[in-house]
Structure formats: C-alpha cells, structure tokens
Amino acid sequence: MTIHSIRVRLTLWYAGLLAGSLVLFGLLVYIGLKQYLVGNAATNLAEQSRSITQLLAELPMKRPGFLAQEIEEAYAPEANGNFIRVTRSQGTVVYISGDAKGDSFKASEVPLKQGLSNDDTVRVVHPFGGGAWLIESLSFTDPGGNRFLVESGIPYARIENVLNGLLRMLAVYLPLIVSVGGFGGYCLMRRSLQPVDEITTRAEGITSTNLSQRLPVIKSGDELERLSASLNRMIARLDDTFQHIHRFSADASHELRTPLTILQLELEEIVQNPVLSPQIVDQIGSALEETQRLSRIVENLLTISKLDAGEVKMEKATLNLAELATSTAEQMKLLAEEKSLTMTCKCDPSVYISGDETRLKQVIVNLIANAISYTPEGGEIGVLVRSVQNTALLKVFDNGVGIPVSAIPHIFERFYRADKARSRDSGGAGLGLAIVKAICSAHGAEVMVVSQEGKGSTFIVEMPLAAVSRPAQTSERESTGYVSQERR
Ligand code: ADP
C-alpha cells in the first residue's frame, strides 16, 4: 500500500472532505447556538426589565424601599448571581443589586449607559476584575414624566459554558468520526476495487499460449463492466491475430514441404547420372545437403506452428517415461558411438506419466541429439528418469561445451543459437529446444537447464506423475550453475 495508490488517495480525499464538512457543520452549530442563547437570554432579561417598569409606574404612590423590596423578593439577584440596576435620567441610581456571592464582580463597577434612548439594547460589558456580563437596557417614562433606565444582566460565562461544552464535544467527536469514516471509506474502497484486483491477476496469467482465456466480467453496469468487456474484446482480437499468424506459418511451411521434397528427389536422381564430372557431382551433393537441411527446418517450423496453433492433437495416454527414455537412448546410442561418446542411461523401473508418446519421444530425441552435438569426442552423456514426490523427472546431461550465461535465457527461443558456427555445422537451426518447450507446455511440464560453459549442461524436464506411479520419496534438483526455466 503506497500513498499514491488510488485506494489511499480516495480515502484521504474522502476523510478530508468529511473533516471539512464536519468542521463547517460544527462552526454553523456554534454560531447558531450562540445566537440562540444570547437571544433567549436577552428575551428573558427584557421580560424581567418590563416587569420592573411596572413597579416603577407604581413607585410615586408607594413608600420608600418599596422598589428594592419588590425586586429582591421577585428576582433575588444577589442569590441568583444576576445584576439589576434602575437609574434616573439624571444619573441617580434608584436601585442596584448587591455584588454576586463568590464572584469578584462588583455591580457598582458596571459603567452607566450613556443616554436614555427608547430602544431595547443588549450589550456585553467587561467590568473591572470580573468576567463579561450580558446586560439588557430598557428605558421607561412613568406617568409623571420621570425617565428611568432599567438594566438587567447575567454573567456571560453562563452562555460561554454551554458554547465551550459544544467545542469540547466537537474536539473529541470530530476526529473520532473522521477516523471511523476514513477507515470505513478505505474498507469500502477496497471492496469495490476487489474486482479490479481479480481482473489484474487473471490478465497477468494470460499469455500468447492461452489467449482463449477471458477475464471475469463484473456485472456492475458501470466503467468496470465496460473495462472488463473491452479488455475481453481486445484479447479476442489478439487471439484471432495470433491464430492467423500461427496458421500462416503452418500453411507456409506446409506449402514449402512439397516443392522441397520434389527438389530433393530430382537432385538425388541427377546425382546418379554417370556422365557428370566429379566436380559437378560434388556441387550437386552439397546442394542436396542444403536442401535436406532446409527440409528439416521446414519440418520443424511446421511442427512448432501446429503446436502453437493448437492443431496438433495430443494423443495422451498413460505411459512409462522410463521405458520411453531407455528405448530412445538405445536407438541413439549409435550416433553417440560414432563420436566416441559414452552414453549411460539410469532410469527407475516405472515412472508413469500421461502424455503423447510420439511428442515426448521427440523431446528426448532433441535433448539427446543436442547433447551429442555439443559434446566433443570422448565425452560422456547420460539420461536419467526418476520420480520425485509427485513429479516425473527426466534429465539429459553431458560434459560438453556448456552454454554461456548470457545465452541461457534465450536458448528456448526460435532460431536462437548460442554458437552460430558450431550449431550450423551440427545441422541445427535453433528450433530443437523451441519444439521441446512447446511440447512440454502442451503437457503441463516444465523444462529447465543448468549449464556451465566448458563443463557441460543438464536439461531437466519436470512433469506430473500419472496416478499409477508410486512416488519414491527422494528429492533431487541441480543446485549449481545458472538455471533457466520455461514454464507453461
Ligand atoms: P540447434 O538446432 O541449433 O541445436 P536448439 O534449439 O536445439 O538449436 O538449441 C539452441 C541452442 O542451445 C544451440 O544452438 C546451442 O547453442 C545451445 N544448446 C542446446 N543444447 C546444448 C547442449 N547440450 N550443450 C551446449 N549447448 C546447447
């Protein structure tokens, strides 16, 4: 998981947007709540001031001390921690509540409001030594024409406490909600991108040899469905093109076969003519050799093209690989002896596999033929067959020229020859191992090579055992040298 992955980026965007929306929401709630609390407090204070104005209207008819007594009985400002002040227009204070208990607030320090307007006003004052106060002022004129200013206040801290509580709640829950939302978003993203993972895994397994396979189509009705469907259409087009190319190679090889055979037969016939000078006979003989070489190449090309196009019908049957290897080695012993090579064959008695006998024989022939070609006179070559766990193992080894490290990754490619001169002398065109690989692929087998230049090479073919084989619990695998692997 990297920071650039689409999953992480989308999650971060999602978490960022969620956090932004929540902060905006919190801000709006804060402002709204503040306005509501201030408005509500102002309404209550205005209500209280209006009640006091009714007392003021009765004041001329009452005894001194009436106002203070009535206000304290009705509102108990000291006990409730509130502020009430009644002032005459000249600035004489008619009534003022006492200092609130346990607070450094001094009611007498609240500055007088300038001017007695007729408006209802709310203001926040900061008297010396205490917290802020919210004070509502109401002007009143009694029937006798006397003007008064009634001020009622509460500590602003009461409103701030509620707002701070909201801030604390937001500070705790906002990161929590963003984390939970972000995690949930990541899981959802993972889930919804799961089909893309499946498509990727399946697409990676599709090569030129299995273009008939298709990707899973996600029935989501959106871009993903369209993507998988168009990838499938693309694979189908590639499949068609590959089939076309394979068919073309097969057809071309097939068409070349007949004229080459006729050419070969005619040259053989001409060479028999006794009137020809020895020089011409030599030249025709050399042309005949080249024609035979060309025929072999065309034959090999035809085999590969047919294997690629899937036109070769594999006659699969259970067969004993050990027997097949022993008999093939026996048949090729003569070729080895011509080059004074010693050939050994060590095969377990019964190693059963399921495969096409003719094709598998071709694998063994090609490997032994190479071993003979690339081992100098007096060398040793060997064939070994055994079963290791559930795998049949065929090894063809020699102590010949070996393969350069740089050539090993390419030797299974078509027309690749590590040493062009030597390979041509041996009559090879670089198609033998390509055929081995194609046949192994068709059998679900794996072919590998272990080689050291100047010391020799070992070709290993691994294929699944057929059910009838009893696996011997031995473990064997070359562990030195450079290993090239061709898997199906
Ligand atoms: P070729 O017909 O040229 O032998 P192959 O496909 O059979 O073509 O082999 C490809 C190349 O791999 C050869 O040209 C040769 O260089 C190398 N090679 C194959 N088998 C051996 C071996 N047993 N020892 C050394 N080199 C080998």
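Residues numbered from 1 in each chain as written. Predicted model: local features only at pLDDT ≥ 70, side-chain atom pairs only at ≥ 80, totals over all residues. Heavy atoms only, no water.

Visitor: Before we move on, could you go through the pattern of salt bridges and cite the residues and values that matter?
Guide: Across all of its chains, the model carries five salt bridges by this definition. Put simply, D239 and R214 hold a salt bridge, and the shortest N to O gap is 4.0 Å. Residue D239 is found in helix α5 (residues 223-271), and its partner R214 is found in the loop between α4 (157-204) and α5; the two are separated by 25 residues along the sequence. Of the charged contacts, one joins R257 and E299 as a salt bridge, the two residues approaching to 2.8 Å between their closest N and O atoms. With a gap of 42 residues between them, R257 in helix α5 and E299 in helix α6 (residues 278-308) connect regions that are remote in the sequence. Owing to a relative accessible area of 32%, E299 belongs among the partly exposed residues under this scheme. (Salt bridge = Lys/Arg side-chain N within 4 Å of Asp/Glu carboxyl O. Helix = DSSP H or I, 4+ residues; strand = E, 2+ residues; numbered from the N terminus. Buried < 20%, exposed > 50% of the residue type's maximum accessible area, 1.4 Å probe, protein only.)

Visitor: Run through the packing of aromatic side chains, naming residues and quoting values.
Guide: Evaluation of the coordinates by the stated rule reveals two aromatic pairs. A ring pair is formed by F83 and W133, whose centres lie 6.5 Å apart and whose planes are at 70°; its orientation type is edge-to-face. Placement of the pair is F83 in strand β1 (residues 83-88) and W133 in strand β4 (residues 133-141), with a sequence separation of 50 residues. By the burial criterion, F83 is buried, and W133 matches it. Relative to F459, the ring of F412 lies with its centre 6.4 Å away and its plane at 75°, an arrangement referred to as edge-to-face. Here F412, found in the loop between β10 (391-398) and α9 (420-425), pairs with F459, found in strand β12 (residues 456-464); they are 47 residues apart in sequence, far enough to count as distant. The pair F412 / F459 is uniform in exposure class, with both members buried. (Phe/Tyr/Trp six-rings, centres within 6.5 Å; stacked < 30°, edge-to-face > 60°.)

Visitor: Tell me about helix α2 (residues 66-75), and name the residues and values.
Guide: Looking at α2, one finds that the buried residues are F66, L67, I71 and Y75. Relative to the axis of α2, the buried residues are bounded by an arc of 120° and lie together on one face. Summarising the contacts, the buried residues of α2 are in contact with α1 (6-58), α3 (77-80), β1 and β2 (93-96). Positioned one or two residues after α2, A76 has a phi angle of 35°, which is positive. (Arc of directions from axis to C-beta. Contact = heavy atoms within 4.5 Å.)

Visitor: Quick one: what's the story with a negative patch on the surface, residue by residue and with numbers?
Guide: Together, E72, E78, D99 and E109 give the surface a local cluster of negative charge. Position of E78 among the secondary structure elements: in helix α3. (Patch = residues over 30% accessible without salt bridge, like charges linked within 9 Å, V, L, I, M, F, W, Y side chains within 5 Å. Areas by Shrake-Rupley, 256 points an atom, 1.4 Å probe, with all protein chains shown as cover. Lys, Arg positive; Asp, Glu negative; His and termini not counted. Charge placed at Lys NZ, Arg CZ, Asp CG, Glu CD.)

Visitor: Can you explain the side chain of N320? Please cite residues and give values.
Guide: With respect to the helices, strands and loops of the structure, N320 is situated in strand β6 (residues 316-320). Its relative accessible area of 6% is what places N320 among the buried residues. Among all residues touching N320, those that are not within four sequence positions of it are P349, S350, V351 and Y352.

Visitor: Give a description of the packing of helix α7 (residues 321-338) against helix α8 (residues 357-373) that names residues and reports values.
Guide: It is at 10 Å that the axes of α7 and α8 come closest, and there the two elements cross at 40°. If you check the angle between α7 and α8, you find them oblique. Once α7 is placed against α8, the crossing between them reads as right-handed. On α8, the residues that touch L321, L324, A325, T328, A329, Q331, M332, L335 and A336 of α7 are E357, L360, K361, I364, V365, I368, A369 and I372. For the contact of α7 with α8, a count of residues per class yields 13 nonpolar, two polar and two charged. (Axes fitted to C-alpha atoms, helices over the stretch in contact; angles between N-to-C directions. Parallel < 35°, antiparallel > 145°, perpendicular 65-115°, else oblique. Left-handed = near helix turned anticlockwise from the far one by under 90°. Nonpolar A, V, L, I, M, F, W, Y, C, P; charged D, E, K, R; others polar.)

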